[in-house]
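# Summary of the model geometry
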Amino acid sequence: MTFRDQYANALAVKTDMPVENVPAAAYFAGAFYEQLESCAGRIPTVLCGGGVKIDEALTLSHAPLNCRMLLYTQEGAGTLLIEGQRYPLETGTLLYLDRSRCDFSLLSDPLPWHFITFSFGGGGFFPFLSLWQMWIHSCSHSWKITLPC
């Protein structure tokens, strides 16, 4: 099964708009990228990503998926709902999430919400994650980082 299919199976879009107006699950992932077999499982690889703009109130309910995700709120705001807790995703917020570990939902109210997201697969995340955390702690950015699970 392709990552596109896995992504679509792991996402439920909940909204009050007519079903024919609801974008396909793949819209919320951005573009899907071809994977090099020679790198599979060895290094972090971008599986999908891009900019997403949401102009309607909706909930994106995500089941666990074998990947990591970065989500940067470029404009507007959303809410991360995970393990019964709500976390605001305001403009300038950067979220890193290991999607294999838990269910979560993204709520798009107030509107509009424009975010950039990337999903990563493969191996070798721990050295990169350590460097990432060191960089975040050493920088004085206005960004916030949320590591809920």
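Everything below is about the structure shown above.
Residues numbered from 1 in each chain as written. Predicted model: local features only at pLDDT ≥ 70, side-chain atom pairs only at ≥ 80, totals over all residues. Heavy atoms only, no water.

### A few points about the overall build of the protein
Of regular secondary structure, the protein possesses 2 helices and 10 strands. Taking all 149 residues of the protein together, the buried fraction comes to 41%. Excluding contacts between residues fewer than 6 apart, the proportion of contacts in the protein whose partners are at least 24 apart in sequence is 74%. On the protein, roughly 8400 Å² of surface is accessible, and the fraction owed to carbon and sulfur atoms is 56%. (Helix = DSSP H or I, 4+ residues; strand = E, 2+ residues; numbered from the N terminus. Buried < 20%, exposed > 50% of the residue type's maximum accessible area, 1.4 Å probe, protein only. Contact = heavy atoms within 4.5 Å. Areas by Shrake-Rupley, 256 points an atom, 1.4 Å probe, with all protein chains shown as cover.)

### A few points about the pairing of strand β4 (residues 58-62)
Among the 5 residues that make up β4, 4 are buried, leaving the element largely enclosed by the rest of the structure. Pairing of strand β1 (residues 11-15) with β4, which is carried by 5 bridges, proceeds in the antiparallel orientation. The partner of Leu11 across the bridge, within β4, is His62. (Pairing = 2+ DSSP bridges.)

### Concerning the nonpolar core
Among the nonpolar cores identified, the biggest contains 30 residues, and Phe3, Tyr7, Phe28, Ile54, Leu71 and Leu106 are the most heavily contacted of them. Residue contacts for Leu106: discarding those within four places in its chain leaves Leu58, Thr59, Leu60, His62, Leu71, Thr79, Leu80, Leu89 and Trp113. (Core = buried A, V, L, I, M, F, W, Y, C linked by side-chain atoms within 4.5 Å.)

### Notes on the environment of Gly51
Note on placement: Gly51 falls in strand β3 (residues 45-54). Separated by 21 residues in sequence, Gly51 and Tyr72 place their C-alpha atoms 9.4 Å apart. Discounting residues that sit within four places of it in the chain, Gly51 has contacts with His114, Phe115 and Ile116.

### Brief notes about the packing of aromatic side chains
Going through the model one piece at a time under the given rule, you end up with 5 aromatic pairs. Considering the side-chain rings of Tyr7 and Phe32, the 6.0 Å spacing of their centres and the 80 degrees angle between planes classify their relative orientation as edge-to-face. Placement of the pair is Tyr7 in helix α1 (residues 3-10) and Phe32 in strand β2 (residues 31-32), with a sequence separation of 25 residues. Joined through ring pairs, the aromatic side chains of Phe3, Tyr7 and Phe32 make up one cluster. (Phe/Tyr/Trp six-rings, centres within 6.5 Å; stacked < 30°, edge-to-face > 60°.)

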